[in-house]
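Overview (structure and organization)
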Amino acid sequence: MNNALAQADHAVETLRAQRQDDYYPQFHLAPAAGWINDPNGLVYINGVYHAFYQHHPYDENWGPMHWGHAISRDLAHWQHQPIALAPGDDYDKDGCFSGCAVDDNGVLTLIYTGHVWLDKVGDDDQVREVQCLATSEDGVHFVKHGPVLAPPEGIQHFRDPKVWSQNDGWWMVVGAKQNGLGQARLYRSKDLRDWQFDRVLDGAQTLHQGYMWECPDFFPLGEKQVLLFSPQGLAAQGYRHPNRFQSGYLLGHWQPGADFDVTRPFCELDAGHDFYAPQTFTAADGRRLLFAWMDMWESPMPSKAHGWAGALTLPRELTLNAEGNVLMNPARELAALRGLPQTFAAAQLHNQRQALAENVQELTLSLDLAASDAERYGIAIGNAARLYVDNQAHRLVLERFSEEPGLCGCRSVPLPAGDTLSLRVFIDRSSLEVFVNQGEACLTSRIYPTDGRRGVSLFAESGRAQFGALQGWELESIWA
Ligand code: FRU
């Protein structure tokens, strides 16, 4: 076996032996040890779901990127696999950056960015990025075939290819930076090896729309076409764009050979603290599913002290509603993780806090907005976070608490128009994912309970709150 891969696998095993699990996810994909960021190469092929991810196997910090690998037959239970790609060839010397996977007549094929620092390590102004190919006969071991697409003159960054087949051919969207502005470039090919430039699908007109568009993805949803991407450099404005970087989408219409006709401007996909670099894939039955990196660049990550960092979100299904909004809901396969349901009666609280359950990982509840007048009401998760209606701001707020100031603070979404707020909440050892009114909004944040306690309680401050019946489940581990 390739020496670089064997060394990397050995490094993960060594780190794994020292890993501490206080924050280690029970039902989210995470590295066996070391660092991960973006989901890569999500694909269903030959009866198996594959999730690859940006991985640094040598320690808990970002470094020369490898591709970690996990597989699942049911999208609920997962197994780590040997590392799939290691950097080291002249075209990917400093990293196998993000990319995708396709089913090429039964051959699992990866298309990823080979990254090289031309000057100092970390000097983003001096990089060479090319799109590269690797294939596997057995779904575990990969043969690199080198670069298949280099950027034209004048493109400063060129990475994160996402490929799909349509109209007898292959299409690729790539993130790029040209003249200091982000863009999504479209290419086409007959054989995955020889690529022609088609057009720029869309790009920033000003710096306010991003200096680089990372991780683009381009796919049909309902009657529309979605351009999903992660722009860097959007300034925070009030409640908008509060995170270091954003992830969101443009909606429009597109046919092969035509321009992308955008009908809806940029909209963020998730309003929490930690959601970046999402990538979609097609489920066995055709649903459009998505994973994202459940962290944010430059955030403190307390799990580093435990020998690992980074996790992916739950797999989520994307749909389009009648108003043309993209909805995001947990993939239905996750129900396989549920234990017996626990039911809690409807309750009215008046200036109270009421403990509900010590150990639920999934919870559904509804709040009657019309029958509640408390200033703040909702649920608390141990001392680590609260999810509540702020009646004055008229918003649903996710607030997290930590001894680390960089991990404190709120993210929020406007309350929906009707009288009922329905919430589906997933509580893992170091994360909270909230799906609001069947996916109209989502909030995803890492939380780090210092005492390990994640018990759920209800509360109403300065007034009354009406909670509908609640249901909770313990979830089993996804690790086979
Ligand atoms: C997004 C990203 C990608 C790049 C990768 C490197 O988080 O910056 O653009 O390919 O991470 O790890």
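The residue numbers shown here count from 1 along each chain, following its written sequence. The predicted origin of the model limits local features to residues at a pLDDT of at least 70 and limits the giving and counting of side-chain atom pairs to 80 or more, whereas totals for whole chains, interfaces and linings rest on all residues. To obtain the side-chain values, all non-hydrogen atoms of the structure were included, while hydrogens and water were left out.

Topic: the overall build of the protein chain
In this description a helix means any DSSP run of H or I spanning at least four residues, a strand means any run of E spanning at least two, and both kinds are numbered starting from the N terminus. When helices and strands are counted, the protein chain shows one helix and 33 strands. Atoms considered for the radius of gyration are the C-alpha atoms alone. The globule rule reads 2.2 Å times the number of residues to the power 0.38. For 480 residues, the compact-globule estimate of 2.2 N^0.38 gives 23 Å, and the C-alpha radius of gyration of the protein chain, at 22 Å, lies within 12% of that figure. Along the three orthogonal principal directions, the C-alpha set of the protein chain runs to about 65 × 50 × 40 Å. A simple rule labels every residue: compare its accessible area, found with a 1.4 Å probe on the protein chains alone, to the largest value its type can have, and call it buried under 20%, exposed over 50%, or partly exposed in between. When burial is assessed residue by residue, the protein chain has 60% of its 480 residues classed as buried. Residue pairs at least 24 apart in sequence account for 57% of intrachain contacts in the protein chain once pairs closer than 6 positions are excluded. Of the side chains in the protein chain, 37 bear a positive and 59 a negative charge, and the two mean positions are spaced by 2 Å. Residue contacts are counted whenever heavy atoms from the two residues lie within 4.5 Å of one another. In this count, Lys and Arg are taken as positive residues and Asp and Glu as negative ones, while His and the chain termini are left out. By convention, the charge on Lys lies at NZ, on Arg at CZ, on Asp at CG and on Glu at CD.

Digging into the pattern of salt bridges
We define a salt bridge as a side-chain nitrogen of Lys or Arg found within 4 Å of a carboxyl oxygen belonging to Asp or Glu. According to the stated counting rule, one finds 21 salt bridges in the structure shown. With its nearest N and O atoms 3.0 Å apart, the salt bridge here joins R316 to D270. Taken together, the residues R316 in strand β20 (residues 316-320) and D270 in the loop between β16 (261-268) and β17 (276-282) connect sequence positions 46 residues apart. Comparing R316 with D270, the two get one shared label, buried. Between E333 and R287 there is a salt bridge, with its nearest N and O atoms 2.5 Å apart. Placement of E333 in the loop between β21 (326-330) and β22 (342-344) and of R287 in the loop between β17 and β18 (288-293) is noted, with a sequence separation of 46 residues between them.

Let's talk about the UniProt feature "domain: Glycosyl hydrolase family 32 N-terminal" (unreviewed entry) in the protein chain
UniProt positions are given in the numbering used here, feature names are shortened, and annotations may be inferred rather than shown by experiment. The positions that UniProt labels "domain: Glycosyl hydrolase family 32 N-terminal" (unreviewed entry) are, in the present scheme, residues 28-329. For residues 28-329, the helix share is 0%, the strand share is 55%, and the end-to-end C-alpha distance is 15 Å.

Topic: the sheet that holds strand β7 (residues 127-136)
Pairing between the strands of a sheet is mediated by backbone hydrogen bonds and can be parallel or antiparallel. If you trace the four strands from one edge of the open sheet to the other, you get β5-β6-β7-β8, paired in antiparallel fashion. The outermost strands of the open sheet, each flanked by one partner alone, are β5 (95-104) and β8 (143-149). With strand direction ignored, the average angle separating the axes of adjacent strands in the sheet is 30°. Pairing of β7 with β8 involves five bridges; the strand directions are antiparallel. Note on β8: the bridge partner recorded for A134 is K144. The pairing criterion is simple: DSSP has to find at least two bridges between the two strands. Lines fitted to the C-alpha atoms define the axes, with helices restricted to the stretch that makes contact. Angles between their N-to-C directions range from 0 to 180 degrees.

Examining the site of the ligand
One heavy atom suffices: a residue is near a molecule or strand as soon as one of its heavy atoms comes within 4 Å of it. Around the ligand sit N37, D38, Q54, W62, M65, F97, S98, R159, D160, E214, Y276 and W297, and those are all the residues in its vicinity. Only the protein chains shown count as cover for residues, with accessible areas throughout obtained via the Shrake-Rupley method and a probe of 1.4 Å. For the ligand, whose accessible area on its own is 310 Å², the fraction buried by protein is 96%. Among the elements of the structure, β1 (34-45), β5 and β9 (155-166) are those that each provide at least two residues to the shell around the ligand. Three categories are distinguished: nonpolar for Ala, Val, Leu, Ile, Met, Phe, Trp, Tyr, Cys and Pro, charged for Asp, Glu, Lys and Arg, and polar for the others, with Gly belonging to the last. Of the residues that constitute the shell around the ligand, the class distribution is five nonpolar, three polar and four charged.

With respect to the pairing of strand β30 (residues 431-436)
Within β30, six of the six residues are buried, which leaves it mostly tucked inside the rest of the structure. Residue alternation in β30 divides its side chains into two sets, S431, E433 and F435 and L432, V434 and V436, and both sets are buried. Connecting strand β29 (residues 420-428) to the antiparallel partner β30 that follows it, the hairpin turn spans two residues. Bridge count between β30 and strand β31 (residues 441-446): six bridges; the pairing is antiparallel. Paired with F435 across the strands is C442, a residue of β31. Connecting β30 to the antiparallel partner β31 that follows it, the hairpin turn spans four residues, and N437 within it adopts a positive phi of roughly 40°.

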